[in-house]
Amino acid sequence: MRILSAGKIKRFLSLILVFAMTAFMLFGCASSSGRNDSIKLKRELYVGFAQVGHESDWRSAETNSVKEALSKENGITLELVDCDNDIDVQREAILDFIEKGVDYILIAPIVSTGWDDILEKAEDADIPVIVIDRTIDDSENYVTWLGSEFTDEGLAAGEWLKSYANEKGIKEINILEVTGNKGSSAENGRTAGFHKYIEYEGWNIIDSLDGEFTEEGGKRIMDLFCEEYEGQFNVIVSQNDNMAFGIMESLDAHGISYGVGGDVIIISFDACTAGLKKVLDGSINADFQCNPLQGPDCLKLISDLENGIEVQPETTMSETWYAAEDIIPSITYFNSMGEEVTEPIVVVDEKAVEDAY
Ligand code: GYE
């Protein structure tokens, strides 16, 4: 038997690793890549989709992804209601779907509570409900949920800031936080995750206000913060990219520098194309991706349900953490499941922007 040298074994193992990673990228994430070539439904379906609204680039990408997958060509008539962030409109939309007797109801819930009675009605009418994006926390009358681990996004942002401050020798962290809609699980999770670090690291949080996930909201809150706290903060956490755009407008107007080499570190979430452009030009320091391309997985879930295949109660999207500077290769932290994970921090280049949603 030939004995391989340690160097050869190492090279061989890294080859296997590269091969496995390539295979994973090609096939492991296929369900989130937008292709569902093999799915053929046995009957025409009518699906009602109560969408949150159109507040952000993330939301538009999710809407388009669902529209593309749940399409006429795939045998589905999709009735989409844009609820414009109004909880009453969303409830009405679902009651209307129940009345019409749709085959499936798809909900991206604006808030995570207040669903018990309405989902019971859907259950009574025998209409399967699929929840996407944000979670529903006060009812179990739905078949499955597909979305992101928002708490992990917040935890990853906290761990990144801890490592970044260490590397840069930043001793004091004074944070202003612009959250997304209160009561939405996206806001709950990102806040819960990031605030763990505030607590553990003893960082100072000066203020936290709701910017409703919109550019206008981000600007409005930042204008208030600038008036009130100018000179007192060195970190801004914006719970999505669109609010970060508004925040940067406000900082520009107040003559406050930010991003790489600036006075204020900006952390954002979503990593949409416009957001990653801002990371590439150094205006946003780090952006924690939330993956909105849920259409193909929705179609697969519906197809499995149609074929009597049991679906898992939860599907989580795979996501990437991005930064402007090449100083933190990876972060290690305990995720929301209590597992220790090590994940890469990807430095944004032209290609990352091109590949974004
Ligand atoms: O981050 C934000 C959107 O629920 C994950 O909602 C979603 C959030 C997303 O408006 O941009």
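Residues numbered from 1 in each chain as written. Predicted model: local features only at pLDDT ≥ 70, side-chain atom pairs only at ≥ 80, totals over all residues. Heavy atoms only, no water.

(A) Representation of the sheet that holds strand β1 (residues 45-51). Spatially, six strands are ordered β2-β1-β3-β4-β5-β11 in an open sheet, and the strand pairing comes out parallel. Among the strands making up the open sheet, the edge pair consists of β2 (76-82) and β11 (314-316). For this sheet, the mean angle separating the axes of adjacent strands, direction not counted, is 15°. (Pairing = 2+ DSSP bridges. Helix = DSSP H or I, 4+ residues; strand = E, 2+ residues; numbered from the N terminus. Axes fitted to C-alpha atoms, helices over the stretch in contact; angles between N-to-C directions.)

(B) Quick peek at the confidence of the model for the protein chain. Summarising the model, the protein chain shows a mean pLDDT of 92, and 90% of its residues fall at 70 or more. Per-residue pLDDT, averaged within each element of the protein chain, yields its smallest value for helix α1 (residues 6-28) (40) and its largest for strand β8 (residues 235-238) (99). (pLDDT = per-residue confidence, 0-100.)

(C) How the structure looks around unusual backbone geometry. You will see that D126, though not glycine, has its phi angle at about 65°, which is positive. Judged by relative accessible area, D126 falls into the exposed class, the value being 70%. (Buried < 20%, exposed > 50% of the residue type's maximum accessible area, 1.4 Å probe, protein only.)

(D) Spotlight on the site of the ligand. Close to the ligand lie 13 residues, the nearest being E55, D133, R134, N240 and D270. In the environment of the ligand, an oxygen atom lies 2.8 Å from a nitrogen or oxygen atom belonging to the side chain of R134. In the model, an oxygen atom of the ligand is placed 2.6 Å from a nitrogen or oxygen of the D270 side chain. Burial of the ligand by the surrounding chains reaches 100%, relative to a free accessible area of 300 Å². Elements supplying a minimum of two residues to the shell around the ligand: α2 (57-69) and α6 (185-201). Of the residues belonging to the shell around the ligand, the class tally is five nonpolar, two polar and six charged. (Near = heavy atom within 4 Å. Polar contact = N/O pair within 3.5 Å; in protein donor to acceptor, adjacent residues only side chain to side chain. Areas by Shrake-Rupley, 256 points an atom, 1.4 Å probe, with all protein chains shown as cover. Nonpolar A, V, L, I, M, F, W, Y, C, P; charged D, E, K, R; others polar.)

(E) Representation of the pattern of salt bridges. Following the criterion strictly, the structure yields 20 salt bridges and no others. Between D133 and R134 there is a salt bridge, with its nearest N and O atoms 3.7 Å apart. The burial state of D133 is the same as that of R134; both residues are buried. Salt-bridge contacts for E325 lead to K168; the nearest nitrogen and oxygen are separated by 2.6 Å. (Salt bridge = Lys/Arg side-chain N within 4 Å of Asp/Glu carboxyl O.)

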